[in-house]
Structures are given as C-alpha cells and as structure tokens.
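One-letter residues, chain by chain:
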Amino acid sequence: MNQVILITGTSKGIGKNISEFFLKQGFRVAGCSRSKPTIFHQNYFHVNLDLQNEAEVSVLPRKVASHFGSLDVLINNAAIASMNHLILTPTHTLKQIFDTNFIAPFILIREAAKLMSLKKSGRIINFSTIAVPLNLAGEAAYATSKSALESLTRISAYELGPFGITVNAIGPTPIDTALIKTVDPEKIQKLIEKQAIKRKAEISDIINLIEFFINPNSSFITGQVIYLGGVS
C-alpha cells in the first residue's frame, strides 16, 4: 500500500495506535499534535501544530501532499472535552472545544477535499461520540461540538460525492484513553450498560471500521455515522 493517510492527534491514544497500525500495513502516515512526535518510522511525517490555530491548520493538508506527493485519506481524530454542567462551562472553554472538535475538522475537510478532488478520489473519516445519541448530561459542550461534526459529515458527503470523495464518521463507545481517565468508573459502567454489547471498545474495533471505510469496495458508502457497541 502506498496510500497517504493524515491523522490528527497522533502523539497518544487512538491516533497513535491507528497510525502505528497503518504504518505496519505499508501506508504512509502523516500526523500532528501540539507535543513532540512519539512515532518514529521512515514512512511517518509529523507536524507540530495547534488545532486551534486556523493558519496552521489550513496549510496542513498541503504540507502532507508536498511531503508525500499525495493525500488519500483524512482522519479527524483529535478532540478535547470538558465534562461540566452547562451552567459551569465558561465561554472560553466552549470556544476551545469547538475550535478543536469542529472548526479544525471543517478546515481540514475543506483543504483536503481540494487536493482529493483533483484525482476524483478520497476518504474522509470523522470521530464523533456516543455522547451525541445518548444526550449525556455533563457533556453539553463536547457532545454539541460532535453533533455539529456529524451534520458536517452528512452535508459534506453530498457536496463531495461528485468528486469521488466519501465522508463518514465513527462514534466510539468508552475506550481506555486519556480522555476518560478522569471520568468516574461508575459513570463509564452505566454507559456500557446502555450498549447492546456490554464492554469497552478496543482499538481493533475502531481500526476494523476505518479499514471498511477506506476499502476500495466502500466507494458507495458515504454520509454514515456508525456508533460502536450497538448504541443508536
């Protein structure tokens, strides 16, 4: 495989895991984070940036295409959260969450699509959350930002379909990452009980769905938001 994948948030967690997986499969992978790279591979290209910085985000797809010669897949993985009651959520926190979880993916989709449209093919995958369909209390800012990303997924699927670009989203159930380390284990268990399959997600579950979306045979699959674990 010589395809080029751009994944946001690759210094740890899901982003790092899926980057390492696809590197092993022979893909060329570009990643980004505010911190220094934690992946060292001849086919890995890292860019240090802040997803809340519009100027840096806008040029990222072109940087990747310039380095590798193309851009085939965009995975908007990076996100931040604030588990607060809406009454206790300050405006600056709300802005930070939307800048990272929605504005940055919007810009990256826009700029990546410009490159992908030239060759009439491309795959874009966004990361949502089960906090959207479950309307979880205490996650007003986070879930709303991801709900906006889901709407963007569906609308951009229509707008980019004529260019051979598919746009889909994954909604993971709780998975052991830094994002849930501070969450009460009892709350996590209550979430799992709402699933049809009552366990935490594993990285292999997410990779399986990514592989499905980017498979050449999935060119007719677009505008879909799939929640893991049987959440609906």
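Residues numbered from 1 in each chain as written. Predicted model: local features only at pLDDT ≥ 70, side-chain atom pairs only at ≥ 80, totals over all residues. Heavy atoms only, no water.

Q: Got a minute to help me understand the environment of Ile-221 in this structure?
A: As for its position among the elements, Ile-221 is in the loop between helix H6 (203–214) and strand S7 (225–227). With 53 residues separating them along the chain, Ile-221 and Asn-168 place their C-alpha atoms 7.9 Å apart. Setting aside its immediate chain neighbours within four residues, Ile-221 contacts Thr-166, Asn-168, Phe-212 and Phe-213. (Helix = DSSP H or I, 4+ residues; strand = E, 2+ residues; numbered from the N terminus. Contact = heavy atoms within 4.5 Å.)

Q: Help me understand the packing of helix H2 (residues 54–68) against helix H3 (residues 91–118) in this model?
A: The geometry of a pair of packed helices is captured by two quantities: the angle between their axes and the separation between those axes. Running from N to C, H2 and H3 point in directions that differ by 30°, and their axes come no closer than 9 Å. Between H2 and H3 the crossing geometry is right-handed. Seen from H2, the contacting residues are Glu-54, Val-57, Ser-58, Leu-60, Pro-61, Arg-62 and Ala-65; seen from H3, they are Ala-104, Ile-107, Leu-108, Arg-110, Glu-111, Ala-112 and Leu-115. Across the contact of H2 with H3, the residue classes tally to nine nonpolar, one polar and four charged. (Axes fitted to C-alpha atoms, helices over the stretch in contact; angles between N-to-C directions. Left-handed = near helix turned anticlockwise from the far one by under 90°. Nonpolar A, V, L, I, M, F, W, Y, C, P; charged D, E, K, R; others polar.)

Q: Sorry if this is basic, but what is going on with H6 here?
A: The α-helix advances 3.6 residues per turn, and as a result positions three or four apart in sequence lie on the same side. With twelve residues, H6 should cover 16 Å at 1.5 Å per step; its first-to-last C-alpha distance of 17 Å lies within 8% of that length. The complete set of buried residues in H6 reads Ile-206, Ile-207, Leu-209, Ile-210, Phe-213 and Ile-214. Viewed along the axis of H6, the buried residues span an arc of 165°, placing them on a single side of the element. The inward-facing, buried residues of H6 contact helix H1 (13–24), strand S4 (73–76), strand S5 (122–127), strand S6 (165–171) and S7. (Expected span 1.5 Å × (residues − 1). Buried < 20%, exposed > 50% of the residue type's maximum accessible area, 1.4 Å probe, protein only. Arc of directions from axis to C-beta.)

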